[in-house]
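# Coordinate inspection notes
The primary structure of each chain is shown beneath.
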Amino acid sequence: MILSVTEGEDKPLKYPDMFHAADLMLLNKIDLLPHLSFDVAGASSTPAASIPNWKCSRSPPPPEKAWNAGWPGSPEGVDVAIAARQQNVNLLRKRIAELEAQLAAKD
């Protein structure tokens, strides 16, 4: 999932299913943050908080600070991705059960 700071920090709240299904969120165009009123903490809140998120921009970072350092090459990166994906699956299953219960209650 790519979220550009020019889009606004409300996208995780507007499109929660998209963020729940994602394994990773790239917060893009962070070089523009000084010129925008973008709340990074707000954008990284639920539902985006359940997935790893990295900041990136057009300006290349030093190699040791690259946004993809350790992903998925390091065991920690893989473990984080697996745990986040399982959490997303569990949240989606719970939401489906809630919606099915609402539908059943209407009958």
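Before reading on, note that the structure itself is shown above.
Here, residues in each chain are numbered from 1, in the same order as that chain's written sequence. Selection of residues for local features in this predicted model requires a pLDDT of at least 70, selection of side-chain atom pairs for listing and counting requires 80 or more, and totals for whole chains, interfaces and linings are taken over all residues. Only hydrogens and water are set aside; all other atoms, that is, all heavy atoms of the structure, feed into the side-chain values.

### A few points about the pattern of salt bridges
Put simply, the rule reads: Salt bridges, as used here, are contacts in which a Lys or Arg side-chain nitrogen is within 4 Å of a carboxyl oxygen on Asp or Glu. A helix here means a DSSP run of H or I that spans at least four residues, while a strand means a run of E at least two residues long, and both kinds are numbered starting from the N terminus.
A complete count under the given rule lists four salt bridges for this structure. A salt bridge links Arg85 to Asp23; its shortest N-O distance comes to 2.7 Å. Taken as a pair, Arg85 in helix α4 (residues 75–106) and Asp23 in the loop between α2 (16–21) and β2 (25–28) lie far apart in primary sequence, 62 residues in all. Glu98 is paired through a salt bridge with Arg95; the nearest N and O atoms lie 3.4 Å apart. With a gap of three residues between them, Glu98 and Arg95 both fall in helix α4, about one helical turn apart.

### Some points on the nonpolar core
Definition in use: Here, nonpolar core means buried Ala, Val, Leu, Ile, Met, Phe, Trp, Tyr and Cys residues that are tied together by side-chain atoms lying within 4.5 Å of each other. Relative accessibility under 20% of the residue-type maximum defines a buried residue, over 50% an exposed one, and the middle range a partly exposed one, all with a 1.4 Å probe and only protein chains included. Whether two residues are in contact is decided by their heavy atoms, any of which lying within 4.5 Å being enough.
Listed in full, the nine residues of the largest apolar core are Leu3, Val5, Phe19, Ala22, Met25, Leu27, Phe38, Ala43 and Ile51. Beyond its immediate chain neighbours, meaning those up to four positions away, Val5 contacts Leu27, Asn28, Lys29, Ile30, Leu32, Leu33, Leu36 and Phe38.

### Digging into the side chain of Lys11
Mapped onto the secondary structure, Lys11 falls in helix α1 (residues 11–14). For Lys11, a relative accessible area of 17% puts it in the buried group. Residues in contact with Lys11, not counting those within four places in the same chain, are Leu3 and Phe19.

In short, shape yes, function no, at least from these values alone.
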